[in-house]
Amino acid sequence: MSNRMAATNPATLRFLREPTTYGADIASVEVIETHLSWVFLAGQHAFKLKKPLHNPYLDFRSVAARCHACQLELILNRRLAPSVYLSVEPISLDAEGALHFGDSVQRVDCVVKMRRLPERDMLNHALQHDAVTPALLHNVAACIARFHQSLPALRPKPSEWCASLEEQIAQNERALLAYPQHLRNDLVHRLMLAQRSFLRAHAAWIDTRIQQGKMVEAHGDLRAEHVFISNGVGAIDCLDFSATLRQLDCADEIGFLALDCERLAGAAVAQQLLQAYWQISADDPPTAL
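**Q** Sorry if this is basic, but what is going on with the state of the cysteines here?
**A** Working definition: the covalent bond between the sulfur atoms of two cysteines is a disulfide. Evaluated as defined, the whole model comprises 1 disulfide. In this model, Cys67 is linked to Cys110 through a disulfide, with the two sulfur atoms separated by 2.1 Å. On the S-S bond that ties Cys67 to Cys110, the torsion sits near 95°, and the link is right-handed. Residue Cys67 is found in helix 2 (residues 63-77), and its partner Cys110 is found in strand 9 (residues 106-115); the two are separated by 43 residues along the sequence. You can call Cys110 buried: its relative accessible area is 2%. Unpaired in this structure, Cys70 has its nearest cysteine sulfur neighbour in Cys110, at a distance of 5.5 Å. Residue classification places Cys70 among the buried positions, given a relative accessible area of 0%.

**Q** Hey, could you run me through the environment of Gln271 in this one?
**A** Here Gln271 is to be found in helix 10 (residues 267-281). Along the chain, Gln271 and Leu259 lie 12 residues apart, while their C-alpha atoms are 9.4 Å from each other.

**Q** Is there a simple way to explain a nonpolar patch on the surface in this structure?
**A** On the surface, Leu176, Leu183, Leu187 and Leu191 cluster together into a nonpolar patch covering about 270 Å² of accessible area. With respect to the element layout, Leu187 can be found in helix 6 (residues 185-201).

**Q** Just to check I follow, could you spell out the nonpolar core for this structure?
**A** Judged by nonpolar contacts, the single largest core of 32 residues is most densely connected at Leu123, Val227, Ile254, Leu257, Cys261, Leu273 and Tyr277. Of all the secondary-structure elements, those providing two or more residues to this core are helix 3 (123-128), helix 4 (134-150), helix 9 (250-265) and helix 10. Considering each element in turn, this core owes the most residues, 8 residues, to helix 4. Non-local contacts of Leu123, meaning those with residues more than four positions away in its chain, are made with Val132, Leu136, Ala224, Val227, Ile229, Leu257 and Cys261. Of all hydrophobic cores here, the second largest spans 17 residues; its members include Val39, Cys67, Val112 and Ile236.

**Q** Just to check I follow, could you spell out the environment of Leu137 for this structure?
**A** Among the structural elements, Leu137 can be located in helix 4. According to the relative accessible area criterion, Leu137 is buried, its value standing at 2%. On a C-alpha basis, the gap between Leu137 and Cys162 in space is 31 Å, while along the polypeptide they are 25 residues apart. Residues contacting Leu137, with those up to four places away along its chain left out, are Val132, Val269, Gln272 and Leu273.

**Q** Help me understand unusual backbone geometry, please; the structure alone is not making it clear to me.
**A** Comment: phi is negative for the bulk of residues other than glycine, and the bulk of peptide bonds are trans. Although it is not a glycine, Asp130 sits at a positive phi angle of roughly 55°. Tracing the sequence through the fold places Asp130 in the loop between helix 3 and helix 4. The class for Asp130 is exposed, based on a relative accessible area of 75%. Notably, Asp237 is not glycine yet its phi reads approximately 55°, a positive angle. Mapped onto the fold, Asp237 is located in the loop between strand 12 (234-235) and helix 8 (243-246). Since its relative accessible area comes to 26%, Asp237 is described here as partly exposed.

The rules behind the values
Each chain has its residues counted from 1, running along the sequence as written. Since the coordinates come from a predicted model, pLDDT governs what is reported: local features require at least 70, and pairs of side-chain atoms require 80 or more to be given and counted, while whole-chain, interface and lining totals use all residues. For side-chain calculations, the full set of non-hydrogen atoms in the structure is used, while hydrogens and water are omitted. Only a pair of cysteine sulfur atoms within 2.5 Å counts as a disulfide in this structure description. Each helix is a run of DSSP H or I of at least 4 residues and each strand a run of E of at least 2, with the numbering of both proceeding from the N terminus. Type-normalised accessible area, obtained with a 1.4 Å probe on protein chains alone, sets the label of each residue: buried when under 20%, exposed when over 50%, and partly exposed for intermediate values. Only residues whose relative accessible area exceeds 30% and that take part in no salt bridge are eligible for patches, with like-charged residues grouped when within 9 Å of each other and nonpolar side chains (Val, Leu, Ile, Met, Phe, Trp, Tyr) grouped when within 5 Å. Only the protein chains shown count as cover for residues, and all accessible areas are computed by the Shrake-Rupley method using a 1.4 Å probe. The salt bridge definition used is simple: a Lys or Arg side-chain nitrogen within 4 Å of an Asp or Glu carboxyl oxygen. Throughout this description, the term nonpolar core refers to a set of buried Ala, Val, Leu, Ile, Met, Phe, Trp, Tyr and Cys residues connected via side-chain atoms within 4.5 Å. We call two residues contacting when some pair of their heavy atoms lies within 4.5 Å.

This is a description of form; function is not addressed.
In structure tokens, the structure reads:
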């Protein structure tokens, strides 16, 4: 996959790294770099600057495209975290050539302003420190179930949806085959064969789930590190850059989170989460699905 990146204005990065940018009471700024963004942690807030990337999923090379993407991120993530995603802040040059937040002579970029979430407030931290209770898992399940129930059902043609799943399997296969030093190619082929065989043998299950209205445009990347559990329950960092990747079965999304919980704290915790979700949502998909 192409992942070209245009040059980010060094002055913008310096501006966001400078504590005085955020007020006289800010002593330091912590910077976290992700695949798609830089995040600047300043006091009680976090400011996310998108990288000027260009790949098959996105094109953030222009200021307008990045600012539009910030607005979309704000809207989509407020569905599950309205108290966290606060605003989109333009960064502009004034008449003297100095950078500041807000619109002025020339807009040079935008950032998403968020309430800063301490690591201890995240579900992955609780899982790793054996601090998860059945009540907490029930609250997480209830939050996700309510979210899913609030979304309009998607009605793709079953044949087209199965074809898209086949393509996802093919993409995963190509990615995994590129790293034989970590995973033998024969294991990759065996796994993908099992997935393709399952999909073809149980296409009727996919049809039924679509008919039941279980396909939605949801979060798309529901991992434990994205779920906050303090001052309410919610989730951050949805796949805002791709509607296609957010379109999935509700069971797929909660199953993905359960898989991450199992990775961090064992199968029993994952099963508790799933059972709570099935009960709250009144959903009952085939276990094998």
